[in-house]
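Per-entry structural report
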Amino acid sequence: MDPFDAGPGGLLKQAKSVWATAGASVVAFMGIGLVDPILPSIAQGLHATASQVSLLFTSYFLITAVAMLVTGFVSSRIGGRKTLLLGLAFVVVFAGLSGTSGSVGELVGFRAGWGLGNALFVSTALAVIVGAAAGGSAAAILLYESALGLGMACGPLLGALLGDASWRYPFFGTAFLMAVGFLCIAVFLKEQPRPARKTSLLDPVKALGHGGLASAAVSAFFYNYTFFTVLAFTPFVLNMSPYRSGAVFFAWGVLLAVFSVLVAPRLQKRFGSLKVLGGSLVLLAADVLVLGYGDHTTAVVCTILSGAFIGVNNTVYTELALGVSDAPRPVASAGYNFVRWFAAAAAPYFAPKIEEWTDLHIPFVVAAVTAVVGALVVVVRRKALTHEAEEPEPKHATEDGVAVFAN
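Since the structure is predicted, the reported quantities are computational estimates derived from the model, not experimental observations. (Residues numbered from 1 in each chain as written. Predicted model: local features only at pLDDT ≥ 70, side-chain atom pairs only at ≥ 80, totals over all residues. Heavy atoms only, no water.)

**Description of the overall build of the protein chain**
- When you go through the protein chain residue by residue, the secondary structure sums to 16 helices and zero strands.
- Across the protein chain, contacts joining residues at least 24 apart in sequence account for 86% of those joining residues at least 6 apart.
- Roughly 15,000 Å² of accessible area belongs to the protein chain as shown, and the carbon and sulfur atoms make up 67% of that amount. (Helix = DSSP H or I, 4+ residues; strand = E, 2+ residues; numbered from the N terminus. Contact = heavy atoms within 4.5 Å. Areas by Shrake-Rupley, 256 points an atom, 1.4 Å probe, with all protein chains shown as cover.)

Below, the structure written as structure tokens:
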């Protein structure tokens, strides 16, 4: 069945509960890039350095990484609907509190609470969409990945539009939108069946004992360092107004969405997952290196272009993580994300520190090296990673109704 078909089971013929969850997912993903255009404004408003403000990403993703061990444990006990509502409630509260911050320390702390709520919500949303969607998992997965891409693209745009008046407004705006999402899910989404087997806190860690899954996680760790150097450090390098910075990262997000949903599957079908991933990582490394040493116009172009490589990588890594081992997909995904999100926490902290210790170019050199290391892991461990290619279809969906944090 064509997931774009407007007939029964197609993308356009989904229940209100599916659209409510997908809409809230867009807002949840917007929260990742929301602060990008206003990072310099936040630094100015709170009299903070670039390295201090970058901790907004570090606290957010550090909590997200640890929460990967908790989300399956929670959702397998209280159900998907209650987990979604719990996550949304956390985001509403902590996003609102973020807008009231009087110091960068308070803001970093509130972003940590926001990260916990976002992890609970986003990591459960795909399972709920798959369980409630008509037409099988194909339309559901397409809808979820479209929500991810749209959220990543619109987050910087919302941050720019609201942040031009005050850096506090994007946080209040997000809290309002997530409150609307909370009400929509509370009204339209019925509780999903609970899994027959409850997930323990250590199951994701045990799953990493599989060589293929561990290899995918390690490679993704190095890739994520590159990814979040671009996302969290580049706004300081571009040093643009919120509107212009928002436009740059909106274009970046559009490329990410297009290449993740439309281009990556076609490249995989033609060349194979590992060749596509290795080539994309090397191209990302070259792009980041040029970004670091080029003039301002070149830096803008390379920032936008990086969205294409990041979109491809996100899709391929997800499929590898879900298909390379025999562990249940939600457990494998939790273990994989537990490892890789630590790099998302590390890069925003170390990139500005490296600049302070050296110069503006070296953080991008380090980011280029980590992308190449990620590609080398794929090459060296290709035999352990080839099990994924034997699967007739990528395992995007979920097992036992427990969540997969896909991208």
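**Section: the confidence of the model for the protein chain**
- Per-residue confidence for the protein chain gives a mean pLDDT of 83; residues scoring 70 or more make up 86%.
- The secondary structure element of the protein chain with the lowest average pLDDT is helix α7 (residues 137-163), at 76, and the one with the highest is helix α15 (residues 362-380), at 97.
- Note that pLDDT drops below 50 for residues 388-407; the model gives that stretch 71 contacts with residues more than four away or on any other chain. (pLDDT = per-residue confidence, 0-100.)

**Considerations on the environment of Phe172**
- Note on placement: Phe172 falls in helix α8 (residues 169-188).
- By relative accessible area, Phe172 is classed as partly exposed at 35%.
- Here the alpha-carbon distance between Phe172 and Phe94, two residues 78 residues apart in the chain, equals 9.8 Å. (Buried < 20%, exposed > 50% of the residue type's maximum accessible area, 1.4 Å probe, protein only.)

**A word on the packing of aromatic side chains**
- One pass over the full model with this rule turns up 17 aromatic pairs.
- Centre to centre, the rings of Trp167 and Phe171 are 6.1 Å apart; their planes meet at 80°, and the pair counts as edge-to-face.
- With relative accessibility at 8%, the residue Trp167 sits in the buried group.
- Judged by relative accessible area, Phe171 falls into the buried class, the value being 0%.
- Put simply, the rings of Tyr60, Phe61, Trp114, Trp167, Phe171, Tyr223, Phe227, Phe228, Phe249, Trp252, Tyr317 and Trp341 pair up and form one aromatic cluster.
- Just above the ring of Trp341 sits the side chain of Arg340; from NZ or CZ to the centre is 4.6 Å. (Phe/Tyr/Trp six-rings, centres within 6.5 Å; stacked < 30°, edge-to-face > 60°. Lys NZ or Arg CZ within 6 Å of the ring centre and 35° of its normal.)

**Section: helix α13 (residues 296-323)**
- With 28 residues, α13 extends 41 Å from end C-alpha to end C-alpha; this agrees with the ideal 40 Å at 1.5 Å per step.
- The buried fraction of α13 amounts to 22 of the 28 residues, a majority that puts the element mostly inside the structure. (Expected span 1.5 Å × (residues − 1).)

**Section: a nonpolar patch on the surface**
- Together, Leu157, Leu161 and Tyr243 give the surface a local cluster of nonpolar side chains, amounting to about 270 Å² of exposed area.
- Along the chain, the position of Leu161 falls in helix α7.
- Exposure remark for Leu161: the relative accessible area of 48% places this residue in the partly exposed category. (Patch = residues over 30% accessible without salt bridge, like charges linked within 9 Å, V, L, I, M, F, W, Y side chains within 5 Å. Salt bridge = Lys/Arg side-chain N within 4 Å of Asp/Glu carboxyl O.)

**Some thoughts on the side chain of Thr83**
- Its location among the elements puts Thr83 in helix α5 (residues 80-98).
- When its relative accessible area of 0% is taken as the criterion, Thr83 is described as buried.
- Within the structure, Thr83 has its side chain in polar contact with the backbone oxygen of Gly79 (distance 2.7 Å). (Polar contact = N/O pair within 3.5 Å; in protein donor to acceptor, adjacent residues only side chain to side chain.)

**Regarding the environment of Pro40**
- Tracing the backbone shows Pro40 in helix α2 (residues 39-45).
- For Pro40 and Ala50, which are ten residues apart along the polypeptide, the C-alpha to C-alpha distance reads 7.6 Å.

**So, the packing of helix α11 (residues 242-271) against α13**
- For the pair α11 and α13, interaxial distance at closest approach is 7 Å and the crossing angle is 40°. As far as their axial angle goes, α13 and α11 are oblique. Note on packing geometry: the crossing formed by α11 with α13 is right-handed.
- Looking at side-chain class alone, the contact of α11 with α13 contains 16 nonpolar, eight polar and one charged residues. (Axes fitted to C-alpha atoms, helices over the stretch in contact; angles between N-to-C directions. Parallel < 35°, antiparallel > 145°, perpendicular 65-115°, else oblique. Left-handed = near helix turned anticlockwise from the far one by under 90°. Nonpolar A, V, L, I, M, F, W, Y, C, P; charged D, E, K, R; others polar.)

**Digging into the packing of helix α10 (residues 211-238) against α15**
- Packing of α10 against α15 leaves a shortest axis separation of 8 Å and a crossing angle of 160°. Put simply, α10 runs roughly antiparallel to α15. The handedness of the crossing between α10 and α15 comes out as left-handed. Contacts from Ser215, Val218, Ser219, Phe222, Tyr223, Tyr225, Thr226, Thr229, Phe233, Thr234 and Val237 of α10 reach α15 at Pro363, Phe364, Val366, Ala367, Thr370, Ala371, Val373, Gly374, Val377 and Val378.
- Split by residue class, the contact of α10 with α15 holds 14 nonpolar, seven polar and no charged.

**Some thoughts on unusual backbone geometry**
- For His47, which is not glycine, the phi dihedral falls at a positive 55°.
- Along the chain, the position of His47 falls in the loop between α2 and α3 (50-53).

**Re the environment of Thr303**
- Assignment of secondary structure puts Thr303 in helix α13.
- A residue is classified by how much of its surface remains accessible, and Thr303, at 0% relative accessible area, is buried.
- Here the alpha-carbon distance between Thr303 and Leu291, two residues twelve residues apart in the chain, equals 6.9 Å.
- Discounting residues that sit within four places of it in the chain, Thr303 has contacts with Val230, Thr234, Leu238, Val248, Phe249, Trp252 and Leu291.

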